[in-house]
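Okay, here's what each chain looks like letter by letter:
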Amino acid sequence: MLKNLLFCGLAFVSLALNAQTSNLPYYQIPDYPASYGPGTVAARMVDGLGFRYYWATEGLRPEDLAWSPGEEARSSMATVKHIHGLSQVIVNATRKQPNVGGEPAPETFEALRKATLLNIQEASQKLLTASAADLESYQMVFGSGDKAQVYPFWNVINGPIADALWHVGQVVTFRRSSGNPLPKGVGVLEGKKFE
């Protein structure tokens, strides 16, 4: 009887944790599109970022977030905040909105992680159906008015998308250095978590 109760309790906790996790996108990478096109390729790049970010940040502890390789370097938390800012630039390009600064980032790690994943998901969904003409309209704009700096979508690819991937790799390295390596079974090639 006690074993059955213990098993049921553990099963409930496991289901509750999985339900919490499943509320966030990118536990696994979405199925790939049926055809190649400008938008589908760009969306897949963003999906790869989302999957890697999900697992790089899954299960980070306070000591992991505080870890830094040195006094002059960002901590893991500062790096996660930077990735959030990059995700904001990416999604703003697909929203056709300028980046004017002053947008407050979520305060807690959990809220920051969720906001970042949702930004990535929104950008991917918009890119998925984008034509070449749509991509031309997804400009990266900093500032407003006559002083705005405007860049084509090409710069979104080699700028914030590539930069975010770079920094996700740093988070993976930092968490390994703080004693909490990436969970076992994360298959970036397949975009799945293997048990």
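Residues numbered from 1 in each chain as written. Predicted model: local features only at pLDDT ≥ 70, side-chain atom pairs only at ≥ 80, totals over all residues. Heavy atoms only, no water.

## Quick look at the confidence of the model for the chain
Of the residues in the chain, 89% reach a pLDDT of 70 or more, and the chain-wide mean stands at 90. This stretch, residues 2-21, has a pLDDT under 50; its non-local contacts, to residues over four places away or in other chains, come to three contacts. (pLDDT = per-residue confidence, 0-100. Contact = heavy atoms within 4.5 Å.)

## What about the pattern of salt bridges?
The final tally for this structure, using the stated rule, is five salt bridges. Put simply, Arg-95 and Glu-122 hold a salt bridge, and the shortest N to O gap is 2.8 Å. Here Arg-95, found in helix α4 (residues 76-95), pairs with Glu-122, found in helix α5 (residues 109-128); they are 27 residues apart in sequence, far enough to count as distant. A relative accessible area of 22% means that Glu-122 is categorised as partly exposed. A salt bridge links Glu-122 to Lys-126; the shortest N-O distance between them is 3.1 Å. (Salt bridge = Lys/Arg side-chain N within 4 Å of Asp/Glu carboxyl O. Helix = DSSP H or I, 4+ residues; strand = E, 2+ residues; numbered from the N terminus. Buried < 20%, exposed > 50% of the residue type's maximum accessible area, 1.4 Å probe, protein only.)

## Overview of the side chain of Thr-57
As for its position among the elements, Thr-57 is in helix α2 (residues 38-57). Of the residues examined, Thr-57 reaches a relative accessible area of 1% and is grouped as buried. Beyond its immediate sequence surroundings of up to four residues, Thr-57 is in contact with Val-80, Phe-109, Arg-113 and Arg-175.

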